[in-house]
Structures are given as C-alpha cells and as structure tokens.
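Residue-level structure breakdown
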Amino acid sequence: MSTVVAFHAHPDDEVILTGGTLAKAAAAGHRVVVVTATDGRMDSADDPTRLHELHSSTAILGAQRTECLGYADSGYGPDFYPDPPGRVRFGRADVEEAAQRLAAILRSENAHLLLSYQANGGYGHRDHVQVHHVGKRAAELAGTPRVLEATMPRELLRRINDLCHLLRLPPPYDPDVLGDAYAPRATITHQIDVRRAARQKRDAVAAHRSQLGTGLGARVYGALLRLPPPVLGAIFRYEWFVDPAAAPAPLRDNIFDDTTSGPSHLG
C-alpha cells in the first residue's frame, strides 16, 4: 500500500478537486493525508468553524491525518489585502519556509505521491498558484517520488458555462478566466472514475456548510447535493490530474499508476 498527501489551498478544496479520488484510495487501503495551506479565514478572528468542517470532510473521505499550515486566506480578485495582525496571507508566504513545513509532513509520512496544483492555480487564485510553488519545492526537499497536479478539462468548463448561460444560471467561472484556466484535455494524464465515491463526496461537500452561501447559486448547489448518489455520480463522474513528468497518453485511471509501471487497481 502507498501513502498519498493531498495539498490544498483552503478547506473545501480537498473535496471539490480530489474528494472522490481520496475516498477511492482510502477504500483500497492506501494511507490518505490531507494538508491545507490556509484555515480559510481572511482575518484574525479566532473562529475554528472552517477547520472543524475540514476535519469532518476528511473523515468522511477516509483520510487518516489532516493538517493545516495555518496561513491566512489571501482572497480572490484584484485586491490583495494586507496581512491580518499576527498572520501571513498564504499568497505572501515565503515559499522556502512553507515548503519546509510541508516537506516535514511528506518525510514523516514517507509519502509516495503528492497531489498539488498546476502553475496557473486552476483559475488563477493567488493561493492556488502558491500551492503549486510550495508543493513543487516541498516534493524536491522531501524526495517525494511523484507529484500529480489536480485539474479539470478546460473544454468541459466552457461547456458548463455555456449551459449555465442558456439556463440563466450563474456560471461557475468568469468567461475571461476560462481562456487559460486549468488544463486542455489533451494534456491530462489521469482521469479517475469516482462514481463509487459519490455518496462520500456529496457528504464531504455538505460538511462545509458555512460555504454554501445564499441566493440562486446556493439553491442550485443545494439541489445538486440532494440528488441520489447514483445520479450525482453520473454527473460528476471524473476527477482529473496532470503528471508534469509524463506524456498524456495513455490516459490512466489510477493515481498510483505512472509511466514506468503497469496498472494497479484502487479497488
């Protein structure tokens, strides 16, 4: 069995981008560790809500260990706010210092695989971009043999945005962002079928109840979470990764498969 460490920017990213994959790995007997860079708080208020939700989510997914590096959320958008008193926003964190902290976890776990983000941070969020830099350096420091970068097919997101426009629903991404968001489908190396983990992924998303918000978007999101797991699994069937050290073909259905070994099944 292997150990996978999933490094994410904020509480809830772990389930949105990799929840089904982590649940599938845990169910197959692999050790799953989740690390977030931030606790999801923009200020210095001592509110543990987001971390409690994170631990609830990762427990549902089957993670054996959950850690937070403790940085403040940098926020998304043109305004990069000053650091809150006594805290550093992750987007301003010293990469070497943050990487040393993550590397210590990778070493203690003897991690075989690190899940991180691509250089564009998916959709350009400064904390997600920083995850790429810190994750890449931490893997180098710890000697972690493999890194996969969580992503989504850019073409699929464009179709989703177009559908939302037709249905007069709020699109998940600004059209201006989609030009270079995430990854072209042709560059993706791993497509993980996560239908069996649909119930866990749904419940893990629901654990982040403070993030569900209000309004039309929240109502649509709530309706999706009420769908039966087989239906939800059919809609959100896959999670995707890019191996920066491998060619995209053949497309693999197992995060523990690489180009130097034959397929092994997650179960």
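Calculation criteria
Residues numbered from 1 in each chain as written. Predicted model: local features only at pLDDT ≥ 70, side-chain atom pairs only at ≥ 80, totals over all residues. Heavy atoms only, no water. Pairing = 2+ DSSP bridges. Helix = DSSP H or I, 4+ residues; strand = E, 2+ residues; numbered from the N terminus. Axes fitted to C-alpha atoms, helices over the stretch in contact; angles between N-to-C directions. Contact = heavy atoms within 4.5 Å. pLDDT = per-residue confidence, 0-100. Buried < 20%, exposed > 50% of the residue type's maximum accessible area, 1.4 Å probe, protein only. Core = buried A, V, L, I, M, F, W, Y, C linked by side-chain atoms within 4.5 Å. Expected span 1.5 Å × (residues − 1). Arc of directions from axis to C-beta. Parallel < 35°, antiparallel > 145°, perpendicular 65-115°, else oblique. Left-handed = near helix turned anticlockwise from the far one by under 90°. Nonpolar A, V, L, I, M, F, W, Y, C, P; charged D, E, K, R; others polar. Polar contact = N/O pair within 3.5 Å; in protein donor to acceptor, adjacent residues only side chain to side chain.

1. Description of the sheet that holds strand 3 (residues 65-71)
- Spatially, 3-2-1-4-5-7-6 is the arrangement adopted by the 7 strands of the open sheet, whose pairing is mixed. Whereas interior strands pair on both sides, the edge strands pair on one side only; in this sheet they are strand 3 and strand 6 (190-193). Along the sheet, successive strands turn relative to each other by an average axial angle of 25°, direction set aside.
- Here strand 1 (residues 3-8) pairs with strand 2 (residues 31-38) via 6 bridges, running parallel. From the neighbouring strand, Phe7 faces strand 2, where its bridge partner is Val35.
- Against the sheet, helix 5 (residues 126-142) engages strand 1, strand 2, strand 4 (113-117) and strand 5 (146-151), with an angle of about 155° to strand 4.

2. Overview of the confidence of the model for the protein
- Averaged over all residues, the pLDDT of the protein is 91; the fraction at 70 or higher stands at 94%.
- Across residues 260-267, where pLDDT falls below 50, the model places 17 contacts with residues more than four positions away in sequence or in other chains.

3. Details of the pairing of strand 4
- Burial runs high along strand 4: 5 of the 5 residues are buried.
- By the bridge criterion, 3 bridges tie strand 1 to strand 4 in an arrangement that is parallel. Across the sheet, the residue bridging to Ala6 is Leu115, located in strand 4.
- Relative to strand 5, strand 4 runs parallel, the two being bridged by 5 bridges. Paired with Tyr117 across the strands is Ala150, a residue of strand 5.

4. With respect to the nonpolar core
- The biggest cluster of nonpolar side chains holds 53 residues, and the ones touching the most others in it are Val4, Phe7, Val32, Val35, Phe90, Leu115 and Ile255.
- When residues of this core are assigned to their parent elements, the largest contribution, 6 residues, is made by helix 3 (residues 95-109).
- The contacts of Val32, once residues within four sequence positions are left out, are Val4, Leu22, Ala25, Ala26, Ala63, Gln64 and Arg65.
- One finds Val15, Leu61, Ala197 and Ala204 within the second-largest nonpolar core, a separate group that totals 7 residues.

5. Overview of helix 3
- Taking 1.5 Å per residue as the helical rise, helix 3 with its 15 residues ought to reach 21 Å, and the 21 Å between its terminal C-alpha atoms agrees with that figure.
- Turning to helix 3, its buried residues are Ala98, Ala99, Leu102, Ala103, Ile105, Leu106 and Glu109. For helix 3, the arc enclosing every buried residue in end-on projection is 160°, short of the 170-degree limit, so these residues lie on one face.
- In this structure, the buried residues of helix 3 make contact with strand 1, strand 2, strand 3, strand 4 and helix 5.
- The first or second residue beyond helix 3 is Asn110, which carries a positive phi of 50°.

6. Considerations on the packing of helix 3 against helix 5
- Put simply, helix 3 and helix 5 touch, their axes get as near as 8 Å, and they point 55° apart. Judged on the interaxial angle alone, helix 5 and helix 3 are oblique. The way helix 3 lies across helix 5 gives a crossing that is right-handed. Residues Val95, Glu96, Ala98, Ala99, Gln100, Leu102, Ala103, Leu106 and Arg107 of helix 3 form the contact with helix 5, whose own contacting residues are Gln130, His133, Val134, Gly135, Arg137, Ala138, Ala139, Leu141 and Ala142.
- Taken together, the residues of the contact of helix 3 with helix 5 sort by class into 11 nonpolar, 4 polar and 3 charged.

7. Let's talk about the side chain of Thr36
- Structurally, Thr36 can be placed in strand 2.
- Overall, the relative accessible area of 0% leaves Thr36 in the buried class.
- Among the polar contacts made by the side chain of Thr36, one reaches the main-chain carbonyl oxygen of Thr38 at a distance of 3.0 Å.

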